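Notes for the structure review
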Amino acid sequence: MWKSPAGKEPWQWAEQEQKVQAEGVVYRIEKTTRTVIYLKKAILIRSGSTKNYPIRNIKCTGKEEKINGLREGMHVRLEGMLVLPELPRNPGQFNRRIYESRKKIDFYLENPTLLEVKEQTFGVREVVEIWKTEMMERCEKLYPATEAGILEAMLFGEKRELSGDIKELYQAAGISHVLVISGLHISLLALAVAGVLRRLGFPMPVWVVLSVGVLAGYGILIGQPTTAVRALLMFFVLQGARLLGRSYDLLSALAFAGILMLLDNPDLVLDGGCRLSFGAVLGVGWYVSEKNKIFRMIGEKEKGKKGKKRGKGRKGGSAGVIPESIRAGWYLWLFTLPIMLDTFYQVSVVGILWNLVAIPLLPVIIASGGLGVILAGWNIFLGSLAGSPAYGMLQLYQEIGKISEKLPGGMWTPGQPSKPVIAGYYLVIFLLVLVEKKLIKREKLWKKRKIFLEMELCSMVLLLLLMAHPWQQREKITFLDVGQGDASLLQSGGQTLLLDGGSTSQKNVGTYVILPYMKQQGISCLEAVVLTHTDQDHINGVTEVLEEGKKGWLTVKNLMYPYWMEETEQGKQLKKLAEEAGASCKEIQAGDRLTIGKAEAVVLYPGEQERIVEPNAGSLVLFWKWEGVRAMFTGDLPEEKERELLQDLPACEILQVGHHGSATSTCREFLEQVQPSLAVISCALKNRYGHPSPDTVGRLKKVGCEIRYTMKSGAITIRKRGEELLVTESLSGES
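Residues numbered from 1 in each chain as written. Predicted model: local features only at pLDDT ≥ 70, side-chain atom pairs only at ≥ 80, totals over all residues. Heavy atoms only, no water.

**Some words on the state of the cysteines**
Here, the word disulfide means a covalent bond between the sulfur atoms of two cysteines. Inspection of every chain in the model, using the stated rule, returns 0 disulfides. Just so you know, Cys585 is unpaired, no disulfide at all, and the nearest cysteine sulfur is the one on Cys525, 15 Å from it. Of the residues examined, Cys585 reaches a relative accessible area of 25% and is grouped as partly exposed. (Disulfide = S-S within 2.5 Å. Buried < 20%, exposed > 50% of the residue type's maximum accessible area, 1.4 Å probe, protein only.)

This is the structure:
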């Protein structure tokens, strides 16, 4: 959303991956297998030109030895290939461009060479960054790698050492918010700082100003993440109100923080973490507050308006059946549910209860971990002693995550709701609060009907149904863009079949492509995973899916494969994984049929007597019949096998082109027999095999077949609209 004053030219250079020069001040350095340099106050200069193009920030990644010697505060000029942060090529995939834009990073500079170091300046930020690095090194000396990574995220906002497994454990338990420096952390620190300063005898104006200064410094230390900036701005408003003797209004402070942050960076409106942070405060400040008022009014009605104030915890009557902390947690969960699902596609159901344990422990963890890191500068033993409570409680957090991860139903995965559904959800919440408040004021109606609880239950069911969106069309075929490989999901009648899942050009394709798509679509059960053969570009992502099947949120019912795979090493490994995930394993052959919802999958090849000498020649051929539409999938079947099968092949409308468009598949005779009207080729844009072959593309065009490519379009989804096929491309959204 932010428009650079540099205009469109740098954007065009990045799209063409041109070589440019970038100049700016180093404000952050990350070193892993490659060195990552972040430049602020950046300008771009095209090679051979003297014109400057100002941008916000730029991320430079390379391995050159000179780059490794750079330090924060240096003013440098680099030259490298300008590229844009990657857009997701599949539904549900991580959107790196939005992620970087919230940090004001407009471009990447790949493989830069160092041209010039002009000067080195040390501002507050650079000094704080050096001090933070030292603190993190102490943390890594005190704790094992896992706990050190968690504490670095909690104390310093650094997630580089935080493993994906830990993130998943915390998400399963519904406590992943403790890994982000948010309003909760800032509030704890603010209370601690203000309390210490008051006890030291400082007058109110002095400790207010000092607490603001301390928290501003902490904001610089943690790199000013959006959630913390929101909390800091609201804290500054609170302290300003104290200084001026004015009352503090939570929602007004929230609006003030939102306006300032959006003026500074409009791209934050697209950031899920920012929306969740503001949504949580709005939920507490308005929805939970209004619900508490309603329960108080109910209590007064039930007590005959005697005016007795209820104690904390239980509120008396039906209003006190549920403890206030649980009730508040439930309503906050309900209010933020659309934002969580829009961002993560699934949500922890047990998190409401686990947070009753996790949140009270958080101040102790932060205090113990922070004190341990500080004391470690003088004495490691003292630091370890002070930090031991934090270590023990982090172990408890992990055990909570492990229990939650394996709980059936612990995670609810309805998928990503549409924007109109989200708007309808919040409209229902708003109207319900208005109706309940008016209803309670009408005493006669209240005494006669007592419909409040019925309204609550009905509204909750309606809200959850809106998020489950059961009316969403789930009759479709999706060819995921996995680079050089294959992965297709066939959906019908609320059931799903995964056909292959692998890639040789993209690492962890199951974790980063297949599973995110399933979550985004609300797929928590696979009726069958069907494999065509044993090549890695068809199966390595399936291993990750089966591993995920060991967790409570995903059910894999069946793993099916050609009979000859049973004796292969890959087949044995996959069978073992499937059995551990609770799936049944089944050999399939020509003539076998499988019903998926309203569709039928028929195996055409290989037959029981077929002699298989190499995996491609044994590729399973699957015929999918779905609402009058026929689709054929041939794996990597070579042309000689296609010719042998000609008499047994039915015609189809949709063809997944064999062997990624290789010249040795999809022969002329085969195409004349099956007569497809739409062909999909799954391959990487840059691959060493030359896929798709111009000869294969020529043969497809010659028979009048429309061709779609995942390398150009991203994921390709095919639905039926009336008698027509509706084709949607992930990158363009065009049909």
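**Quick word on the side chain of Ser368**
Its location among the elements puts Ser368 in helix H13 (residues 351-375). From its side chain, Ser368 meets the backbone oxygen of Ala386 in a polar contact 2.6 Å long. Leave out the neighbours within four places in its chain, and Ser368 touches Tyr143, Ala386, Gly387, Ser388, Pro389 and Ala390. (Helix = DSSP H or I, 4+ residues; strand = E, 2+ residues; numbered from the N terminus. Polar contact = N/O pair within 3.5 Å; in protein donor to acceptor, adjacent residues only side chain to side chain. Contact = heavy atoms within 4.5 Å.)

**Describing the sheet that holds strand E10 (residues 485-492)**
With respect to topology, 8 strands assemble into an open sheet ordered E16-E15-E13-E11-E10-E9-E24-E25, the strand pairing being mixed. A single partner strand is all that each edge strand has here, and the edge strands are strand E16 (584-588) and strand E25 (724-729). Each strand of the sheet is rotated relative to its neighbour by a mean of 20 degrees, with strand direction disregarded. The strands that helix H20 (residues 569-580) touches are strand E15 (558-562) and E16; relative to E15, the one it contacts most, it runs at about 165 degrees. (Pairing = 2+ DSSP bridges. Axes fitted to C-alpha atoms, helices over the stretch in contact; angles between N-to-C directions.)

**Brief notes about the sheet that holds strand E17 (residues 593-596)**
Strands sit in the order E17-E18-E19-E20-E21-E22-E23 across an open sheet of 7 strands; the sheet is mixed. Strand pairing shows two members of the sheet lacking a second neighbour, E17 and strand E23 (706-709), which therefore form its edges. Across this sheet, the average inter-strand angle for adjacent strands is 20 degrees, counted without regard to direction. Sheet topology places strand E18 (residues 599-605) next to strand E19 (residues 621-626); 5 bridges connect them, and they run antiparallel. Residue pairing for E19: Val603 is matched across the bridge by Leu622. Each of strand E22 (678-681) and E23 touches helix H23 (residues 694-702); the most contacted strand, E23, lies at about 140 degrees to it.

**A look at the packing of helix H9 (residues 226-244) against helix H10 (residues 250-264)**
The N-to-C vectors of H9 and H10 enclose an angle of 125 degrees; their axes lie 9 Å apart at closest approach. Judged by the inter-axis angle, H9 sits oblique to H10. In this structure, the crossing between H9 and H10 has a hand that is right-handed. Across the interface between the two elements, Thr226, Val229, Arg230, Leu233, Met234 and Val237 from H9 touch Leu250, Ala253, Leu254, Phe256, Ala257, Leu260 and Met261 from H10. (Parallel < 35°, antiparallel > 145°, perpendicular 65-115°, else oblique. Left-handed = near helix turned anticlockwise from the far one by under 90°.)

**Some details on the environment of Tyr27**
For Tyr27, the location among the structural elements is in strand E1 (residues 19-31). With relative accessibility at 8%, the residue Tyr27 sits in the buried group.

**Describing the packing of aromatic side chains**
Across all of its chains, the model carries 15 aromatic pairs by this definition. A cation over a ring is seen here: Arg198 above Trp207, with NZ or CZ 5.0 Å from the ring centre. A cation sits over an aromatic face here: Arg327 above Phe295, 4.0 Å from the ring centre. (Phe/Tyr/Trp six-rings, centres within 6.5 Å; stacked < 30°, edge-to-face > 60°. Lys NZ or Arg CZ within 6 Å of the ring centre and 35° of its normal.)

**So, the pattern of salt bridges**
In the structure shown here, the tally under the stated rule is 42 salt bridges. Lys550 is paired through a salt bridge with Glu547; the nearest N and O atoms lie 3.1 Å apart. Given the relative accessible area of 38%, Glu547 is considered partly exposed. Close ionic contact of Glu729 with Arg708 constitutes a salt bridge, the shortest N to O distance being 2.8 Å. Of this pair, Glu729 sits in strand E25 while Arg708 sits in strand E23, and the two are 21 residues apart along the sequence. Judged by relative accessible area, which is 13%, Glu729 ranks as buried. Ionic contacts of the salt-bridge type, sharing partners, join the residues Arg28, Glu30, Lys132, Glu158 and Arg160 into one network. (Salt bridge = Lys/Arg side-chain N within 4 Å of Asp/Glu carboxyl O.)

**Description of H10**
Between its first and last C-alpha atoms H10 spans 21 Å; for 15 residues at 1.5 Å apiece the expected length is 21 Å, and the two agree. Every buried residue of H10 is accounted for by Ala253, Leu254, Ala257, Gly258 and Met261. Viewed along the axis of H10, the buried residues span an arc of 135 degrees, placing them on a single side of the element. Opposite the buried face of H10, by more than 90 degrees, sit the exposed residues Ile259 and Leu263. (Expected span 1.5 Å × (residues − 1). Arc of directions from axis to C-beta.)

**Observations regarding the packing of helix H19 (residues 536-548) against H20**
Contact geometry of H19 with H20 gives a least axis separation of 9 Å together with a crossing angle of 20 degrees. As far as their axial angle goes, H20 and H19 are roughly parallel. In this structure, the crossing between H19 and H20 has a hand that is left-handed. Contacts between H19 and H20 involve Gln536, Ile539, Val542, Thr543, Leu546 and Glu547 from the former and Gln570, Leu574, Leu577 and Ala578 from the latter. The residue inventory of the contact of H19 with H20, partitioned by class, reads 6 nonpolar, 3 polar and 1 charged. (Nonpolar A, V, L, I, M, F, W, Y, C, P; charged D, E, K, R; others polar.)

**Description of a nonpolar patch on the surface**
Residues Val196, Leu200, Phe202, Val206 and Leu210 make up a contiguous nonpolar surface patch of roughly 420 Å² in combined accessible area. In this fold, Leu200 is placed in the loop between helix H7 (183-199) and helix H8 (204-221). (Patch = residues over 30% accessible without salt bridge, like charges linked within 9 Å, V, L, I, M, F, W, Y side chains within 5 Å. Areas by Shrake-Rupley, 256 points an atom, 1.4 Å probe, with all protein chains shown as cover.)

**Observations regarding the nonpolar core**
Burial of nonpolar side chains together is a common tendency in soluble globular proteins. The biggest cluster of nonpolar side chains holds 48 residues, and the ones touching the most others in it are Met154, Tyr170 and Tyr397. Put simply, the parts of the chain that give this core at least two residues each are helix H4 (124-142), helix H5 (145-156), helix H6 (164-173), H7, H8, H9, H13 and helix H14 (380-406). Here this core gets 7 residues from one element, more than from any other, and that element is H5. Core analysis: the second largest hydrophobic core is formed by 34 residues, Ile514, Trp553, Tyr563 and Ala715 among them. (Core = buried A, V, L, I, M, F, W, Y, C linked by side-chain atoms within 4.5 Å.)

**Some details on unusual backbone geometry**
With an omega of 0 degrees, the peptide bond between Tyr605 and Pro606 qualifies as cis. By secondary structure assignment, the location of Pro606 is in the loop between E18 and E19. In the Ramachandran plot, Lys104 falls in the positive-phi region, its phi being about 65 degrees despite a non-glycine side chain. Tracing the chain through its elements places Lys104 in the loop between helix H3 (96-101) and strand E6 (105-120). Classification of Lys104 as partly exposed rests on a relative accessible area of 24%. Phi at Asn508 takes a positive value of approximately 50 degrees, unusual for a residue other than glycine. Summarising the element assignment, Asn508 is placed in the loop between strand E11 (495-503) and helix H18 (509-521).

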